[in-house]
Amino acid sequence: MTDDPHAGTRTFLAGGSAYDAFMGRYAVPLAPLLADAAGVSAPMRALDVGCGTGALTGELVTRLGADQVAGCDPAPAQLAACRERFPDVDLRAAPAESLPFDDGAFDVSLAQLVIHFVSDPVRSVGEMRRVVRPGGRVGACVWDFEGGMQLLVSLWEAVVELDAGAPSELILRPFGRAGELGSLFREAGLVDVREEVLAVESRYESFEELWSTVLLGVGPAGAYVTSLDEEGRAALRDAFHARIGLPGGAFSLSATARAVVGTV
C-alpha cells in the first residue's frame, strides 16, 4: 500500500479511446450486470467511483437520468473522455480515497474495476459508504484473477513464462479471488454483504486485432508490454497467442468479475 492516492492513476495515462479498445469492450457489457446486482433503478441518485471513460456512467444515466448521476476519477485522460460523452453529469477529478461529495448524498455508490487499483482500499470503500444514505447500497466488482478473465490471465501467464520476475497483476493485485471483496466491505463497515459472479465476453476478428489493443499501453499489462524492446514484444506476442489457443480467425474471450454489494 502507498500513501499516494494517485498511485494507481499512473497505469492509466493512455487516452480514452485506447482504454475503450483494450478494456472498455468488456467494461460496457459488465456495467448493467453490476447495476442489476446493486438494484439500481429510478428514482435513485448514484455515484460512479473511478468512472474512467464512462462505461458504468452511461448505464447509470440510461437508468436514472444525467441529473441523478455523479462520478469521479483521478486520471485526467479518462475523466476528459467521460466528460465529453456525458456533459450533463456532475463529474469531478478525485480519487476514491477522498470523494468530494457530502455525507449521505447518494442512494448507491458503485466502483467498477477500480478497487484493486486504489492505494487504500478500506478508506476508499469507507468513503463510498460515507456518501451513501443509511439503508443505501455500495457495490464494486473486479476481474477474477483465478482464471476467469481470459485476456489478463493469459497475457500475464505468457509474461511470467518469459520473465519470472515480472510484476504480474495475478500476484500483486488484491480482491480478484473469492471472498476478498466481501471481507473488505465488512471491514469498511458495510452490512448484509453479498457476493456474486458476473460474466461477459468480447469478440475479436483476429488475433492481430487483440494484439493491437495490448500495444496501446493501457493498465499495468499494457505498460509492461510497451516497456519491452522489439524482440521482447515479439516473443510475448507468440507466447500470448499460444496461451489463448492459437486462433486463426475470429474468436471470443470470456471475462468473469467478482462483485460484492453491501448496505449502509
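Quantities reported herein were computed from a predicted structural model and do not represent experimental measurements. (Residues numbered from 1 in each chain as written. Predicted model: local features only at pLDDT ≥ 70, side-chain atom pairs only at ≥ 80, totals over all residues. Heavy atoms only, no water.)

Peer 1: Help me understand the overall build of the protein chain in this model?
Peer 2: The secondary structure content of the protein chain amounts to 10 helices and seven strands. Each principal axis of the C-alpha distribution contributes one length, and for the protein chain these read about 55 × 35 × 30 Å. Across the 264 residues that make up the protein chain, the buried fraction comes to 54%. Within the protein chain, contacts between residues at least 6 apart in sequence are counted, and of these 77% link residues at least 24 apart. Working note: accessible area of the protein chain is about 10700 Å², and carbon and sulfur atoms make up 50% of it. (Helix = DSSP H or I, 4+ residues; strand = E, 2+ residues; numbered from the N terminus. Buried < 20%, exposed > 50% of the residue type's maximum accessible area, 1.4 Å probe, protein only. Contact = heavy atoms within 4.5 Å. Areas by Shrake-Rupley, 256 points an atom, 1.4 Å probe, with all protein chains shown as cover.)

Peer 1: Can you help me understand the packing of helix α8 (residues 207-214) against helix α10 (residues 230-243) in this one?
Peer 2: Packed helices, taken two at a time, are described by the angle between their axes plus the distance between the axes. Between α8 and α10, the least distance of the axes is 11 Å, while the angle of their chain directions is 130 degrees. In terms of orientation, α8 lies oblique with respect to α10. For the pair α8 and α10, the crossing hand works out as right-handed. Facing F207, E208, L210, W211 and V214 of α8, the residues of α10 in contact are R233, L236, R237, F240 and H241. Residue classes in the contact of α8 with α10 are distributed as six nonpolar, one polar and three charged. (Axes fitted to C-alpha atoms, helices over the stretch in contact; angles between N-to-C directions. Parallel < 35°, antiparallel > 145°, perpendicular 65-115°, else oblique. Left-handed = near helix turned anticlockwise from the far one by under 90°. Nonpolar A, V, L, I, M, F, W, Y, C, P; charged D, E, K, R; others polar.)

Peer 1: Can you help me understand the environment of E59 in this one?
Peer 2: Within the fold, E59 resides in helix α2 (residues 55-64). When its relative accessible area of 19% is taken as the criterion, E59 is described as buried. As a C-alpha pair, E59 and P29 span 30 residues in sequence and 9.4 Å in three-dimensional space. E59 has contacts with A31, P32 and A35, leaving out every residue within four places of it along the chain. At a separation of 2.7 Å, a polar atom in the side chain of E59 contacts the side chain of R63. (Polar contact = N/O pair within 3.5 Å; in protein donor to acceptor, adjacent residues only side chain to side chain.)

Peer 1: Can you help me understand the confidence of the model for the protein chain in this one?
Peer 2: Reading predicted coordinates in detail is not appropriate for stretches of low pLDDT. Averaged over all residues, the pLDDT of the protein chain equals 92, while 94% of them reach at least 70. Every residue in residues 1-12 is under pLDDT 50, and counting partners more than four places away or in other chains gives 28 contacts. (pLDDT = per-residue confidence, 0-100.)

Peer 1: Can you walk me through the pattern of salt bridges in this structure?
Peer 2: Here the idea is simple: oppositely charged side chains can pair when their charged atoms come close. Evaluated as defined, the whole model comprises 16 salt bridges. The shortest N-O distance in the salt bridge between R133 and D107 comes to 2.6 Å. Here R133, found in strand β5 (residues 132-143), pairs with D107, found in strand β4 (residues 106-112); they are 26 residues apart in sequence, far enough to count as distant. Of the residues examined, D107 reaches a relative accessible area of 19% and is grouped as buried. (Salt bridge = Lys/Arg side-chain N within 4 Å of Asp/Glu carboxyl O.)

Peer 1: Help me understand the nonpolar core in this model?
Peer 2: One recurring pattern in soluble globular proteins: nonpolar side chains tend to sit buried together. Membership of the largest hydrophobic core comes to 64 residues, with the highest contact counts inside it found for M23, Y26, W143, L151, L152, L210 and F240. At 11 residues, helix α1 (residues 16-37) tops the list of elements feeding residues into this core. Not counting residues up to four positions away in its chain, the partners in contact with L151 are F22, M23, Y26, Y204, L210, F240 and L253. (Core = buried A, V, L, I, M, F, W, Y, C linked by side-chain atoms within 4.5 Å.)

Peer 1: Teacher, can you tell me more about unusual backbone geometry here?
Peer 2: Residue P43 follows A42 across a cis peptide bond; omega there is 10 degrees. Tracing the chain through its elements places P43 in the loop between α1 and β1 (46-49). We note that F175 has phi near 75 degrees; this positive angle belongs to a residue other than glycine. Mapped onto the elements of the fold, F175 is located in the loop between α6 (169-172) and α7 (180-187). Under the relative-accessibility criterion, F175 is labelled buried at 11%. Notably, L246 is not glycine yet its phi reads approximately 55 degrees, a positive angle. Assignment of secondary structure puts L246 in the loop between α10 and β7 (251-263).

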